[in-house]
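If you want the building blocks of each chain, they are given just below.
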Amino acid sequence: MARRCELTGKATQSGHLVSHSNRKTKTVFRPNLVNVTLQSDALGRSVRLRISANALRSVEHRGGLDAFLLKAAAGDLSTGALTLKRDLEKKLTAN
């Protein structure tokens, strides 16, 4: 399983920890991924996703999963989230 957020695309980064004496030690910075179940109001079902805690805050700020997906760029989304976005757009254009 990749360490990548399914909604924002946030992934593992590498860099240095720099001490007071300016020694550099290689390290890996991983995103804070959590398994969540989010409700899609338009589709009428729940969806399990592995997203970063930051993305969860963004979903709540934008007013839910549906609003977040409609505004999100397709390049950042995973294949599962992209399929969900397409289903959502089909459902909304049908109504």
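Numbering of residues begins from 1 in every chain and follows the order in which that chain's sequence is written. Totals for whole chains, interfaces and linings use all residues, but because this is a predicted model, local features are given only for residues with pLDDT of at least 70 and pairs of side-chain atoms are given and counted only at 80 or more. With hydrogens and water set aside, each side-chain value is computed from the structure's full complement of heavy atoms.

A.B. asks: In this structure, what is going on with helix α3 (residues 79-94)? I would like to understand it.
C.D. replies: Helical geometry note: an α-helix holds 3.6 residues per turn, so side chains three or four residues apart project in the same direction. Segments assigned H or I by DSSP are reported as helices when at least four residues long, segments assigned E as strands when at least two residues long, and all are numbered from the N terminus. For a helix, the expected span equals 1.5 Å multiplied by the number of residues minus one. Under the 1.5 Å per step criterion, the end-to-end length of α3 is 23 Å for 16 residues, consistent within 8% with the ideal 22 Å. Working definition: with a 1.4 Å probe on protein chains only, accessible area under 20% of the residue-type maximum means buried, over 50% means exposed, and in between means partly exposed. Looking only at α3, the buried set comprises A81, L82, L84, K85 and L88. Along the axis of α3, the buried residues cluster in a sector spanning 155°; they form a single face. Those residues of α3 that are exposed and aimed more than 90 degrees away from the buried face are T79, K90, T93 and A94. Throughout, a residue-residue contact means that at least one pair of heavy atoms, one from each residue, lies within 4.5 Å. Summarising the contacts, the buried residues of α3 are in contact with β3 (33-40), β4 (45-52) and α2 (65-71). The directions considered for the arc run from the helix axis to the C-beta atoms.

A.B. asks: Help me out: how do you make sense of the pattern of salt bridges in this one?
C.D. replies: Two side chains that carry opposite charge are able to pair once their charged atoms sit near each other. By convention in these notes, a salt bridge is any Lys or Arg side-chain nitrogen within 4 Å of a carboxyl oxygen on Asp or Glu. The tally for this structure, following the rule as stated, stands at one salt bridge. Where R45 meets D87, a salt bridge forms, and the shortest distance between an N and an O atom there is 3.7 Å. One end of the pair, R45, is in strand β4; the other, D87, is in helix α3, with 42 residues separating them in the sequence. D87 gets classed as partly exposed once you look at its relative accessible area, which sits at 29%.

A.B. asks: Sorry, what's going on with the nonpolar core here?
C.D. replies: When a protein is soluble and globular, its nonpolar side chains tend to lie buried together. To define a nonpolar core, start from buried Ala, Val, Leu, Ile, Met, Phe, Trp, Tyr and Cys residues and group those joined through side-chain atoms within 4.5 Å. Grouped together as the largest cluster of nonpolar side chains are 19 residues, with contacts concentrated most on L7, L38, L49, I51, L65, L69 and L77. For this core, the secondary structure elements donating two or more residues are β3, β4, α1 (53-62), α2 and α3. Per-element accounting of this core gives the leading share, four residues, to α3. Not counting the four nearest positions on each side in its chain, I51 is found in contact with C5, E6, L7, N32, L33, V34, V36, L38 and L56.

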